[in-house]
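Coordinate analysis (summary)
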Amino acid sequence: MIPIDRYGNIETAWCPGCGNHAILGAVKKALSRLELAPHQVLLCSGIGQAAKAPHYLRCNCFNGLHGRGLPPAQGAALANPGLAVIAESGDGCSYGEGGNHFLAAMRRNVGMTLLVHDNQIYGLTKGQASPTTAQGQVTKFQPGGAPSLAFPPLAVAVTLDVPFVARGFSGDPEHLAGLIEQAVRHPGFALVDILQPCVSFNKVNTFAWYKSRCYKLGPEHDPTDRRAALDKALEFGERIPLGVVYRGERAPYRPDPRVRRPLATSRPDLVKLAKILEEYA
Amino acid sequence: MSASSVTVLVGGEAGQGLVTVGDFLAKALVRAGYEILVVQDYLSRIRGGHNTYCVRVSPDPVHAPPENVDLLVALDQASLALHGPLLSPGGLALAGEKTDLGGLPGLNVPYSRLCPRPVHENMAALGVLAGLLCLERSWLEGLITERFAAKGGDEAALNLKVFSDALDWTRESGASFACLPPPMRREKRLFLNGNEAIALGAMAAGVNFCSFYPMTPATSVAAALVAPGGRMGVLTEQAEDEIAAVNMALGASAAGARVLVPTSGGGFALMVEGVSLAGMIETPLTVVLAQRPGPATGLPTRTEQGDLNLVVHAGHGDFPRAVYAPGTPEQCFDLTFRAVNQAEKWQSPAFVLTDQYLADSYRAVAPFDLEALPPLDLPGLETPDPHGYERYALTENGVSPRLIPGFGEHLVVLDSDEHTPDGHITEDLGVRVRMVDKRLRKGRGLEADAVAPSLAGDAAPEVLLACWGSSLGACLEAAQTLRERGTSAAVLHFSQVWPLVPESFLPVLEGAGRAVMVEGNPSGQLAKLIRQETGFAFHGLVTRYDGLPFTAGYILARLGSPQGTSTVAGEEVSA
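Quick caveat, the model's predicted, so the values are computed rather than measured.

**Considerations on the overall build of chain B**
When helices and strands are tallied, chain B shows 18 helices and 21 strands. What you see for chain B is a C-alpha radius of gyration of 26 Å, in line with the 25 Å of a compact globule of 575 residues. Principal-axis analysis of the C-alpha atoms gives chain B an extent of 85 × 65 × 40 Å. Counting every atom, chain B has about 20100 Å² of accessible surface; 53% of that belongs to carbon and sulfur.

**Looking at the UniProt feature "domain: Transketolase C-terminal" (unreviewed entry) in chain B**
Listed under "domain: Transketolase C-terminal" (unreviewed entry) in the UniProt record, and renumbered for this structure, are residues 461-522 of chain B. The span residues 461-522 of chain B is 31% helix and 34% strand, and its two end C-alpha atoms sit 26 Å from each other.

**Some thoughts on the nonpolar core**
Residues and elements named next belong to chain B. Counting 101 residues, the largest nonpolar core has Phe 268, Leu 509 and Ile 530 as its most contacted members. Lining this core are residues from two domains, each supplying at least three of them: domain 2 (191-372) and domain 3 (454-560). Listed in part, the 53 residues of the second largest apolar core include Leu 18, Val 21, Val 162 and Leu 167.

**Thoughts on the side chain of Glu 282 of chain B**
Residues and elements named next belong to chain B. Structurally, Glu 282 can be placed in the loop between helix 10 (265-281) and strand 11 (286-291). Polar side-chain contacts of Glu 282 include one of 3.0 Å to the side chain of Lys 438. Once residues lying within four places of it in the same chain are set aside, the contact partners of Glu 282 are Leu 277, Gln 347, Arg 391, Tyr 392, Gly 398, Arg 402, Lys 438, Arg 439 and Lys 442.

**Quick word on the pattern of salt bridges**
Pairing is possible between side chains that carry opposite charge, provided their charged atoms lie close to one another. For the coordinates displayed, the defined rule picks out 29 salt bridges over all chains. Linking Lys 232 of chain A and Glu 235 of chain A is a salt bridge whose minimum nitrogen-to-oxygen distance equals 3.1 Å. Classification of Glu 235 of chain A as partly exposed rests on a relative accessible area of 21%. A salt bridge links Glu 418 of chain B to Arg 439 of chain B; its shortest N-O distance comes to 2.8 Å. Linking Glu 418 of chain B in the loop between strand 15 (413-415) and helix 14 (429-448) with Arg 439 of chain B in helix 14, this pair joins segments that are 21 residues apart in sequence. Each of the two residues, Glu 418 of chain B as well as Arg 439 of chain B, counts as buried. Bridged by salt links that share partners, the residues Lys 29, Arg 33, Glu 174, Glu 181 and Arg 185 of chain A form one connected network.

**Section: the sheet that holds strand 11 of chain B**
Residues and elements named next belong to chain B. As summarised here, the arrangement of the 7 strands in space is 9-8-10-11-13-12-19, forming an open sheet in which the pairing is mixed. Only two strands of the sheet have a single neighbouring strand rather than two, namely strand 9 (235-238) and strand 19 (496-498). Going across the sheet, the axis of each strand differs from the next one's by a mean of 20 degrees, ignoring polarity. Alignment of strand 8 (residues 209-212) against strand 10 (residues 259-263), held across 2 bridges, turns out to be parallel. Its bridge partner lying in strand 10, Phe 209 is registered against Val 259.

**Examining the UniProt feature "domain: Pyruvate/ketoisovalerate oxidoreductase catalytic" (unreviewed entry) in chain B**
Feature annotation in UniProt places "domain: Pyruvate/ketoisovalerate oxidoreductase catalytic" (unreviewed entry) on residues 14-167 of chain B, given in this structure's numbering. Across residues 14-167 of chain B one finds 42% helix and 25% strand; the C-alpha atoms that close the span lie 25 Å apart.

Procedures and definitions
Residues numbered from 1 in each chain as written. Chains lettered and ligands numbered in written order. Predicted model: local features only at pLDDT ≥ 70, side-chain atom pairs only at ≥ 80, totals over all residues. Heavy atoms only, no water. Helix = DSSP H or I, 4+ residues; strand = E, 2+ residues; numbered from the N terminus. Rg over C-alpha atoms; globule rule 2.2 N^0.38 Å. Areas by Shrake-Rupley, 256 points an atom, 1.4 Å probe, with all protein chains shown as cover. UniProt positions renumbered as here; feature names shortened; annotations may be inferred. Core = buried A, V, L, I, M, F, W, Y, C linked by side-chain atoms within 4.5 Å. Buried < 20%, exposed > 50% of the residue type's maximum accessible area, 1.4 Å probe, protein only. Domains from an automatic or database assignment. Polar contact = N/O pair within 3.5 Å; in protein donor to acceptor, adjacent residues only side chain to side chain. Contact = heavy atoms within 4.5 Å. Salt bridge = Lys/Arg side-chain N within 4 Å of Asp/Glu carboxyl O. Pairing = 2+ DSSP bridges. Axes fitted to C-alpha atoms, helices over the stretch in contact; angles between N-to-C directions.

Here is the structure:
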């Protein structure tokens, strides 16, 4: 195991009591157990409070644009399969602004992990409904209740046969660290949706709200049974399952095997290019 | 017929095989040692509609689209009506046996007798063209065998027979047309278009990652990178949208790939935030923007030079960039190579502005000299002080040592927020100013490396035609005509349109009797940019924005009197 302090101990700008703190701790713990040194990890994020996580962790980091954490993560993972690539962002960034990228990433199945800090509200912009806010939930910006149906990330992921689909809770960081560890180890695209309270702007989905509903999936759940997994993925309300919801066997994305990676070390073969030029003669 | 060149125009509906006729003819002519220039006009549909493939051929270099048609191959009735009026004196129209030529001089080719099936009509048309132009039978036979052999069966033999029978029929018909003068070139040349040259230049520059979302007329750049498969080690990925394409490329670039993103104006509009990101994270990015008329969807398959403003100003905030505008397939190769290297050297985005005309215009091109290519600018993989490494270290020229994550114990931290030298978010306003200044210092380097505009023609001319990108050929031909008429003329071509370095062109503009900007957009975007940067106001402006490329005749007609005493027929630059 790598000592946790190698991933830094950096002061954050998050609110006291925010679920982000526990998620950060869980990520560090998972990396430590995975024996991934800081320089072997690339953390990609979009914009938002969750998206600042890479700054509070000593590792390589690509903190890009709102909703765009996944495309650079996949680009980097394709360019260098030796890097452990983790995208980490909020529910607005991952499922709203970046919704198309989320869908495409699940279909593409590049080997990488997506950690979504899901607090069912926009925090950075002070309290608007997010894609996972329950329909009808009143916010300062949606006084008549959030008008749209809440997005079900796990159900969509199971439907798209994402080979590793899990849900964690910031209130159980030890369990969460285990899920992150399994997700990073998984060869294909892995999703961990992480429930967390937003102490400043979400007065409905509080720590107590999650605590009273979340339960851990036991051995009776077979994560390789896709239909059973879909049932568990759709369970969100009075009871919310935590753990590995689905584990599939879909082969990860493989580019042309003739493309030698990491791309950083490949150089143009001008002899081959000369032959290609001849094909234009 | 034109004095020095012959123009063959094949017209018909999409799906009739007109590109096959044109393609075979043009490629055979290049192999035989002729110069060619192809202009393709097509509609935004898969079948039907009216399309043309036009080949201008000469033993001498040809620079621009033709004015007239010498041989009109009408695969449908509409072609006769549309292009008949362009037929030059001595020209001929070729149509089917039942087609009424409507008084045009021409031949009714007995396709039904020559072809076992209508699908072979294009081979028959090729045979007739070969007969009329007195081409050597073997030039085309070799090509036909090559192409159809891959399809197996007796396709090659069948097509060869149709071609040969049609050629014999033409010779026996006694149709008279001028034979092509013998070719001048002996050395081997390539038959390629602008977009293919861009892809080849990119591969020479070590591009090994291309993420794209298909959009005409940029798609063929990606196609040409895909075509050699993995042989050149290029990983191509069709992204879910343009936003993903540019962001994916930046992720790959950060991980050490050399990236190229091809798109067109509408797609590029979606990429603009990603361009700002490239400027902020100082990560190399090369975008090829193949222009077509806008705004919005515009004319999807036609040409324009309307996206200069978009590219020069793309992104919010200030950051340096290089914008290239090749005028020929050779420049497409050279400037794409250069763009990729400059993006790497200055860690700033670089752009190649081409357009539909150049993208689809095939030429005879001397094989690129791969041995003579300058060395590649590449990032480091390791550093002696991994723990002291700062991705955005403040430096004299603005360039910070770029390392790639995963190749040592150093950490690479890239952030779209304003950041400290080690890459982390900051709201320290003093750091903000130092970082902006650092990024802008790279602009001086980009200026020092800028390609100066090229001047062709008379010194201190009476008429100076300034242009950028693909308008070069038509301007060269227009200037040549002016000189033949006794007016001294020259062409100033900007193959790099940003940054502009006034010392490299202002004396030329000021030394001309009349400086006229020729641009494929209605407002004179480069003319305005030059005025903004230098205060120089062009004396005239010739514009074209009907979707077609410039021709020499178009420019000359709008220049007014060749002496330059009368007003310009085109719009004046506002005084």
